[in-house]
Amino acid sequence: MDFIDRQREISRIQRALHAPDSRFIVIYGRRRLGKSTLIKRALGDRDVYFEADLNEEAIQRSLLVNAIRMTYPELADARYESWDSLLTHFNRVCDANSTLCLDEFPYLVKKNPALPSVIQRLLDSGDLRFNLIICGSSQRMMERLVLGASEPLYGRANEKICLGPIALPWWQEAAGLDPRRAIEEYSVWGGVPRYWKLREDYADLWEAVESLIFDEHGILADEPSALFMDDLSEVAPYSSIMTALGSGHRRFSSLADAVGRKVTELSVPLKNLAQMSYVRREVPYGEDPEKSRKTLYTFADPFMAFYYRFVAPNKSYLAMGRFGRILDMVRTGFNMHVGAIWERLCAGAVSLNSLDGAEWGVASRWWGNVAATDAEGRRRSEEIELDVVTQSLDGSRLLVGECKWNKADYADRLLRALKAKVANIRQFEGRRITYVLFLRERPADGSTPDGCLILYPDDIIRMLPR
């Protein structure tokens with residue numbers, strides 16, 4: 001699969017590297033997003049790229065010397081006793097405005113916590129002749145090194161790029177998939193380039209899932225643990241929270257009960273998981289996130305959602321090689337899993353976009369208990385959930401949508417059910433409402449009822465930002 005997207009990031013890096021004076025660039029994000037590939041595409045023949053590992057400090061410096069001497073043989077063949085002496089010497093022999101990249105920078109800092117201070121002095125000296133790029137997969141450490149006000153490198157970066165997953169439209173185009181298949185594949189691999197690259201080697205989705213994820217020898221069999229170890233000193237609490245989330249525990253108190261911890265003990269782990277973009281916190285549309293007591297937690301990453309819904313709870317079966325049994329279970333629940341991703345995609349497609357003659361704000365779900373009347377006219381409390389809700393930017397209209405990822409249904413029946421929900425929500429009374437059905441397939445009768453829009457996978461992918 002060819003290198004896709006990342007044009008804005010490459011442009012920012014190249015603009016910085018071609019500045020008249022030296023630049024300090026920080027690039028970070030979870031592993032397998034293509035950070036190293038991105039950097040290498042921006043480097044020239046006289047630049048130096050070095051990827052650190054967990055070797056001892058002296059070995060790391062020796063390896064860096066070897067990397068430098070591939071481009072600058074004139075670098076003294078000497079034993080550099082400190083990072084200061086090595087970087088200072090490189091500064092003397094390198095070409096003006098060349099670039100040194102220290103990839104997996106957190107590994108270097110673990111072996112020598114004083115390294116950021118060494119770099120600070122070099123940056124502040126005014127004598128720096130080369131551009132410096134530091135890169136890392138430890139998101140929390142990289143953010144602390146650059147954004148922590150008490151850290152030596154705070155405020156010194158000329159460019160700070162936090163690399164995220166690649167959007168679905170790019171993957172559909174690159175893989176040549178029809179819209180429905182693209183969404184289903186995205187619901188497993190998310191926007192992570194390495195996962196899609198691995199997927200290319202298999203004939204179909206399920207063969208790839210079995211070989212890469214289910215098999216204990218598969219490259220992605222223990223992927224979440226590897227991701228957590230980049231950022232966390234202890235994996236078990238985080239894996240436990242994710243497993244509970246995958247089992248349907250979405251409220252704070254329910255998560256705490258499931259993992260056997262006090263509610264107060266979950267605040268920091270959940271905050272960290274959100275910071276790493278594995279989990280997101282939701283409140284109903286229109287409520288203040290700081291004040292709402294209706295908080296729910298859900299997966300922010302499709303791969304993590306798939307893994308903790310289908311893989312983590314069935315590790316013992318998978319260890320016995322019962323792949324067929326688990327695949328049958330996955331196929332049975334796959335539409336429900338994709339449906340949750342479909343809701344997010346639909347909300348993202350509508351957000352800050354133009355539809356039905358209006359510009360819409362950021363869309364999200366709404367849920368709550370409302371007073372409803374049953375068939376006998378009795379009043380009762382009912383839990384209602386709306387998949388997509390947003391307001392037009394001018395405040396004159398609401399958009400309310402229902403998302404379905406299943407076989408063809410009758411659109412008029414779905415619209416009646418959606419309108420019945422809205423009729424019971426007091427804060428929506430008197431509002432002008434645009435109703436939208438987000439459907440996987442064309443309605444069973446092929447019709448579109450009056451007063452309703454219907455959007456399909458090809459519409460959503462076209463509307464999503466790149």
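Residues numbered from 1 in each chain as written. Predicted model: local features only at pLDDT ≥ 70, side-chain atom pairs only at ≥ 80, totals over all residues. Heavy atoms only, no water.

Engineer: Quick one: what's the story with the pattern of salt bridges, residue by residue and with numbers?
Structural biologist: This structure, assessed with the given rule, holds 30 salt bridges. Arg331 is paired through a salt bridge with Asp328; the nearest N and O atoms lie 3.8 Å apart. In this pair, Arg331 and Asp328 both sit in helix 18 (residues 323–350), three residues apart, roughly one turn of the helix. Using a relative accessible area of 48% as the deciding quantity, one classes Asp328 as partly exposed. Through salt bridges with shared partners, one network takes in Arg250, Arg280, Glu282, Arg365 and Glu385. (Salt bridge = Lys/Arg side-chain N within 4 Å of Asp/Glu carboxyl O. Helix = DSSP H or I, 4+ residues; strand = E, 2+ residues; numbered from the N terminus. Buried < 20%, exposed > 50% of the residue type's maximum accessible area, 1.4 Å probe, protein only.)

Engineer: Tell me about unusual backbone geometry, residues and numbers included.
Structural biologist: One non-glycine residue, Arg32, lies in positive phi territory at about 75°. Of note in the backbone geometry, Asn97 takes a positive phi value of approximately 70° without being a glycine. Its location among the elements puts Asn97 in the loop between helix 4 (83–93) and strand 3 (99–103).

Engineer: Provide a residue-level description of the pairing of strand 5 (residues 159–162), including the pertinent values.
Structural biologist: In strand 5, alternate side chains face the same way, and those of Glu159 and Ile161 are buried while those of Lys160 and Cys162 on the opposite face are not. Here strand 1 (residues 24–28) pairs with strand 5 via four bridges, running parallel. Bridge pairing in strand 5 links Val26 to Lys160. (Pairing = 2+ DSSP bridges.)

Engineer: Explain the pairing of strand 4 (residues 131–136) to me, and be specific about the residues and the numbers.
Structural biologist: Burial runs high along strand 4: six of the six residues are buried. Every second residue of strand 4 is oriented toward a common face, with Asn131, Ile133 and Cys135 on one face and Leu132, Ile134 and Gly136 on the other, all of them buried. Bridge count between strand 1 and strand 4: five bridges; the pairing is parallel. Bridged to Ile27 within strand 4 is Cys135. One ladder, built from four bridges, connects strand 3 with strand 4; its direction is parallel. Bridge pairing links Thr99 to Asn131 in strand 4.

Engineer: Run through the packing of aromatic side chains, naming residues and quoting values.
Structural biologist: A full pass over the atoms with the stated rule returns 14 aromatic pairs. Consider the rings of Trp171 and Trp196, whose centres lie 4.9 Å apart with planes at 0°: the pair is stacked. Within this pair, whereas Trp171 is found in helix 8 (residues 168–175), its partner Trp196 is found in helix 10 (residues 193–199), the two being separated by 25 residues in sequence. Here the aromatic rings of Phe228 and Tyr238 are separated by 6.4 Å at their centres, their planes lie at 45°, and the arrangement is tilted. Pair noted here: Phe228 is in helix 12 (residues 223–231) and Tyr238 is in helix 13 (residues 236–246), with a separation of 10 residues, a long-range link. Judged by its relative accessible area of 0%, Phe228 is buried. Grouped by ring-pair contacts, the aromatic residues Tyr195, Phe299, Phe303, Tyr307 and Tyr308 constitute a single cluster. (Phe/Tyr/Trp six-rings, centres within 6.5 Å; stacked < 30°, edge-to-face > 60°.)

Engineer: Would you mind going over the sheet that holds strand 2 (residues 48–51) in detail, with residue names and values included?
Structural biologist: Judged by pairing direction, the sheet is parallel, and its five strands sit side by side in the order 2-3-4-1-5 without closing on themselves. Edge strands, defined here as strands with exactly one partner in the open sheet, are strand 2 and strand 5. Direction aside, neighbouring strands of the sheet carry axes that sit 10° apart on average. Sheet topology note: the strand 2/strand 3 ladder contains four bridges and is parallel. Bridge assignment links Glu51 to a residue of strand 3, and that residue is Asp103. (Axes fitted to C-alpha atoms, helices over the stretch in contact; angles between N-to-C directions.)

Limitation: the analysis is restricted to geometry and does not speak to function.
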